[in-house]
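# Chain and residue survey
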Amino acid sequence: MDHQNAVKEALNALYHHPQDEVRSKADEYLQGIQRSIDAWQVADNLLHDPTSNMETLIFCSQTLRSKVQRDFEELPSEAFRPLRSSLNTLLKKFHSGPPKVRTQISIAVAALAVQVPAEDWGDGGIVNWLRDEMNSHPEYIPGFLELLSVLPEEVYNYKIAARPERRRQFEKELTSQMELALNILTACSKINELKEQVLEAFASWLRLRHGIPGSVLASHPLVVAALSSLNSELLSEAAVNVVSELIHYTTSGSSGGILVQMPLIQVLVPQVMSLKEQLQDPSKDEEDVKAIARLFADMGDSYVELIATGSDESMVIVNALLEVASHPEYDIASMTFNFWHSLQVILTRRDSYISFGDEVSIEAERSRRLLVFRPAYESIVSLVSFRVQYPQDYQNLSIEDLKDFKQTRYAVADVLIDAASVLGGDATLKILYVKLAEAQACWGNGHSEWRPAEAALFCIKAVSNYVSDVEAEVMPKVMSLLLELPHQPQLLQTVCLTIGAYSKWLDAASDGLPLLSSVMKILMHGMGTSEDSAAAAAVAFRHICNDCRRKLCGYFDDLFPIYHRAVIGEGSFRISAEDSLHVVEALSMVITELPPDQAKQALEKLCMPVVNSLQGVINQGPEILEKRPARELTVHIDRLAYIFRYVNHPEAVADAIQRLWPLFKAIFDIRAWDMRTMESLCRACKYAVRTSGRFMGITIGAMLEEIQALYQQHHQPCFLYLSSEVIKIFGSDPSCAYYLKNLIEALFKRTICLLTNIKEFTARPDIADDCFLLASRCIRYCPQLFIPSAVFPMLVDCSMIGITVQHREASNSILTFLSDIFDIAKSSVGEQYLSIRDSVIIPRGASISRILIASLTGALPSSRLETVMYALLALTRAYGANALEWAKESVSLIPLTAVTEVERARFFQALSDAASGIDINALMVPVEELSDVCRRNRTVQEIVQGALRPHELNLITVS
């Protein structure tokens, strides 16, 4: 009674008290009650209490539903009957509402049925019980109907803490009682006021996809009722849901497939087609039109393989879908977009035609189908292209509306790509050019309307990858028009992006250089007009310099001023520091085409403005340098990183990094404490190492000594990341063995000292992530230095402490490192290290296995399951009978209340199969099921983790 009063008071405080602190305490108390075992009695009593107000009823119905779903195992077995009886009483009590409360009680009863086998439920299972209750108490039918509706939905509700085996059993129980359920619904459908509710329940049962033959369903009274409701004056939402489910049902694998369901399809399609006129009926409510459009879209999506044959019947559906696509409301028209994509995939994919035999027949059928659907895709290009036009009031759009508009443009671009895949890019371009030519009238002759031209150009840009590089009919006209367009900011942005998208065409154009010169002028206008147009121009400049680099490499000195203005920030350019990197990349790719001597000079010229700016900051002296914001350094260092990355002249880059090393060293020494600067500098070094490779010479030694020394004090994760890159390139080079051995031992020993318990892993996840990425690189690229070293067993111990860190990347790196060790025999040189590996892993095998099983069963989130499973199965594959024994020892610690003997046996069988070499992918289901069972609710998860105690294992140290 005290709890009941306290719950009422807390709810009153939660909803009505003016002070946040009081409301917060009330919420905390109520959550505590919901988790406690007292919640059962408190919620039940208050629901039966006639004085409970609406807030109390909603809270208690949700609590009771949640307890049945998650915590049913808390109750003794004899509590089932009284609980079912109480829920039944409540269902009758709230049979006419409030709807929120009735729904929660219905879900609670359904969840109870999921947990309790039919034989224990009695009365022949829940559907029989429900029929008997309805017959005995017809006045409560509305409440019972809602329960009948939610029952099949709970089959797929994974909030219910049922074991996987029981869930499968429940699905079988329901499918075996489907005929009975439909009979109950048919009887209820005769009561006029229950018709909507009956149809909603029917739609729910259809989602079970149980194989009732199409011939039976085609004439079933419920199907007839749903189809007749489609044509009534007031369109029934429930009827639409039923017809939608029936369409999906006819193509589901478990229903027997399209041939078995053909009698039903032949009834459904004409009925839906008869609604076509209503799509354009102005008197129709928009929601009704949406519902009808949804049926056409469902029909297209479900029958797309039949439609793709191009028969006369299928073209009737395609024409109806074109009508939906032509609807002025985007939300309605876009319902068809998925269909046009799916149809395109089938029409263009070779696999669709395999049954036609030889190549000649395949090509003939493919050509026939593409010809049949050509008019439809030509129409769709015209129907969707106008939807990308900026609205008249675009400047007043909210952030949310602007985001929606951008999403619309992306979706339309995808449809245009589908059309170009079927029609060919050149044919699609012709249709879109007509729109651009029409738009020309809007800005000529004193008009200044830019939006139609921008929309047409956006569409032309969207299909650029499908237009031939040698297209000579339309593209010259498009490029000519670009030169005439007004420099309105949004239009100029799209013009720049279009130029960039057709960079390959510009490279192939016969009048290449004069045209390139003209478009470069447009890009320079773009760089000086607005930030958005400058960003677009920078991207386009990069594309052109990449694709036209052979033409442009002789004009490096002419391009350099553009680069200089972008990097120095002089003049009218409005390029952000981030977008200037596109310009840096552009010139770097042009340099790549130069002969080595010229490239070296051009690279020096490219570096000079950046180095001068950086030198200017450093010349201010160590004290000032230490206090400067990281951004003042990283903006220049990032540009050097791009130069080292994209100038593909290894010797020239090696020479540049050698000259710049004193500058880099000064920054390393003074700013080693600053993570952002160090990450930027290490990234520049990484690209220098990657491009220069073994031309790095003495610079690599100096670089390694620097990061090795600085890591001891500053522990920057990026030092480990840079070392990974060095290991990848120099790991197998005998001349670097001494440097590298010292490097990895120093880095790993220091990291191991930093990560001595799980709290330190949690506090330093980036260090853990990069440390174990480096360790995996060492296994792959320099096992001869790493595996025999004293640091190898120490790192394995360290990994065991950190497996259960919640940080995703850190945990994945650790698990991947362990899997690499277990899989070492797969590598070409792995055999020689097996004895060292075994001497480290076998003494720790039982502990590793236990930690992995703990991770599988709840110590790590379920999203990490695949990586944990792979590590456990790789361990089992490597150590066979030993690993099986370790796993059995671990699982035996879990009480039988949490995991039954049958569930253990399935899990052990999967591990045994892994040990015998069966494909790991085939073994995932039993392992996933053990994970599900152990996570089914908080109590079970706590029991399992309490038994396995992954953080408390006494990890042995092996000398």
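Residues numbered from 1 in each chain as written. Predicted model: local features only at pLDDT ≥ 70, side-chain atom pairs only at ≥ 80, totals over all residues. Heavy atoms only, no water.

Scanning the chain from terminus to terminus reveals 51 helices and 0 strands. Overall, the C-alpha framework of the chain stretches about 95 × 85 × 70 Å when taken along its three principal axes. When burial is assessed residue by residue, the chain has 55% of its 959 residues classed as buried. In the chain, the share of contacts with a sequence separation of at least 24, taken over all contacts with a separation of at least 6, comes to 74%. When the accessible surface of the chain is split by element, carbon and sulfur atoms take 52% of a total near 40800 Å². On the chain, the mean spot of the 88 positive side-chain charges and the mean spot of the 117 negative ones are 4 Å from each other. (Helix = DSSP H or I, 4+ residues; strand = E, 2+ residues; numbered from the N terminus. Buried < 20%, exposed > 50% of the residue type's maximum accessible area, 1.4 Å probe, protein only. Contact = heavy atoms within 4.5 Å. Areas by Shrake-Rupley, 256 points an atom, 1.4 Å probe, with all protein chains shown as cover. Lys, Arg positive; Asp, Glu negative; His and termini not counted. Charge placed at Lys NZ, Arg CZ, Asp CG, Glu CD.)

Inspection of the entire model under this criterion finds 1 cavity of 30 Å³ or more. What the largest cavity holds in volume is close to 30 Å³. Lining the largest cavity are E903, R906, P926, E929, L930 and V933. Looking at which element gives the most residues to the lining of the largest cavity, the answer is helix α50 (residues 924–934), with 4 residues. (1 Å grid on protein atoms, 1.4 Å probe; cavity = no way out; pocket = protein on both sides within 12 Å on 5 of 7 lines; lining within 4 Å. Points joined across faces, edges and corners; volume = space filled by probe spheres on them.)

What follows covers the packing of helix α8 (residues 126–136) against helix α11 (residues 178–188). At their nearest, the axes of α8 and α11 sit 10 Å apart, and the two run at 25 degrees to each other. Put simply, α8 runs roughly parallel to α11. Once α8 is placed against α11, the crossing between them reads as left-handed. Contacts between α8 and α11 involve V127, N128, R131 and M134 from the former and L180, A181, I184 and C188 from the latter. Looking at the contact of α8 with α11, its residues break down into 6 nonpolar, 1 polar and 1 charged. (Axes fitted to C-alpha atoms, helices over the stretch in contact; angles between N-to-C directions. Parallel < 35°, antiparallel > 145°, perpendicular 65-115°, else oblique. Left-handed = near helix turned anticlockwise from the far one by under 90°. Nonpolar A, V, L, I, M, F, W, Y, C, P; charged D, E, K, R; others polar.)

Enumeration according to the criterion identifies 20 aromatic pairs in this entry. Measuring from centroid to centroid gives 5.5 Å for F80 and W121, while their planes differ by 55 degrees, and the two rings are tilted. Of this pair, F80 sits in helix α5 (residues 80–93) while W121 sits in helix α7 (residues 118–121), placing them 41 residues apart in sequence. An identical accessibility class is assigned to F80 and W121; each is buried. An aromatic cluster is defined as three or more aromatic residues linked by ring pairs; in this entry it consists of Y390, Y394, F405 and W450. Just above the ring of F560 sits the side chain of K605; from NZ or CZ to the centre is 4.8 Å. A cation over an aromatic ring shows up here: K888 above the ring of F908, its NZ or CZ 5.7 Å from the ring centre. (Phe/Tyr/Trp six-rings, centres within 6.5 Å; stacked < 30°, edge-to-face > 60°. Lys NZ or Arg CZ within 6 Å of the ring centre and 35° of its normal.)

Our focus in this paragraph is helix α46 (residues 808–822). For α46, spanning 15 residues, the distance from its first C-alpha to its last is 21 Å, which sits close to the expected 21 Å at 1.5 Å a residue. Among the residues making up α46, those that are buried are A810, S811, S813, I814, L815, F817, L818, S819, D820, I821 and F822. Those residues of α46 that are buried are in contact with α42 (758–763), α43 (765–781), α44 (783–786), α45 (791–802), α47 (834–859) and α48 (865–892). (Expected span 1.5 Å × (residues − 1).)

So, about helix α6 (residues 99–115). With 17 residues, α6 extends 24 Å from end C-alpha to end C-alpha; this agrees with the ideal 24 Å at 1.5 Å per step. Summarising burial for α6: 14 of the 17 residues are buried, a large majority.

Here the structure, examined in full by the defined rule, presents 46 salt bridges. A salt bridge links E165 to R906; the shortest N-O distance between them is 3.1 Å. One end of the pair, E165, is in helix α10 (residues 164–176); the other, R906, is in helix α49 (residues 901–915), with 741 residues separating them in the sequence. Overall, the relative accessible area of 32% leaves R906 in the partly exposed class. Connected through shared salt-bridge partners, E165, R168, R906 and E929 make up one network. (Salt bridge = Lys/Arg side-chain N within 4 Å of Asp/Glu carboxyl O.)

We now examine the nonpolar core. Ranked by internal contacts, the top residues of the largest apolar core, which has 344 residues, are L151, W205, F296, W340, F541, F644 and F786. If one sorts the elements of this core by residue count, α48 sits on top with 14 residues. (Core = buried A, V, L, I, M, F, W, Y, C linked by side-chain atoms within 4.5 Å.)

On to the state of the cysteines, then. This model, assessed by the stated rule, comprises 0 disulfides. Free of any disulfide, C685 has its nearest cysteine sulfur in C682, 6.1 Å distant. You can call C685 buried: its relative accessible area is 0%. (Disulfide = S-S within 2.5 Å.)

Turning next to the side chain of S252. Among the secondary structure elements, S252 is positioned in the loop between α15 (237–251) and α16 (258–273). Given the relative accessible area of 11%, S252 is considered buried. A polar side-chain atom of S252 sits 3.1 Å from the main-chain carbonyl oxygen of Y249. Beyond its immediate chain neighbours, meaning those up to four positions away, S252 contacts R209 and G257. (Polar contact = N/O pair within 3.5 Å; in protein donor to acceptor, adjacent residues only side chain to side chain.)

On to the confidence of the model for the chain, then. Averaged over the chain, the pLDDT score is 92; the fraction of residues at 70 or greater is 98%. Confidence drops under a pLDDT of 50 for residues 954–959, and excluding neighbours within four residues, the segment shows 12 contacts in the predicted structure. (pLDDT = per-residue confidence, 0-100.)

Further remarks concern the environment of I575. Checked against the element boundaries, I575 lands in the loop between α32 (556–568) and α33 (577–592). In the structure, I575 is positioned 262 residues away from E313 in sequence and 56 Å away in space, judged by C-alpha atoms. In this structure, I575 is in contact with M527, A534, A566, S580 and V583, ignoring residues within four places of it in sequence.

This paragraph deals with a negative patch on the surface. Together, D285, E286, E329, D331, D393, E400, D401 and D404 line one region of the surface with negative charge. Sort the elements by how many residues they give to the negative patch and helix α23 (residues 399–423) lands first, with 3 residues. Positionally, E329 belongs in the loop between α19 (312–325) and α20 (330–333). (Patch = residues over 30% accessible without salt bridge, like charges linked within 9 Å, V, L, I, M, F, W, Y side chains within 5 Å.)

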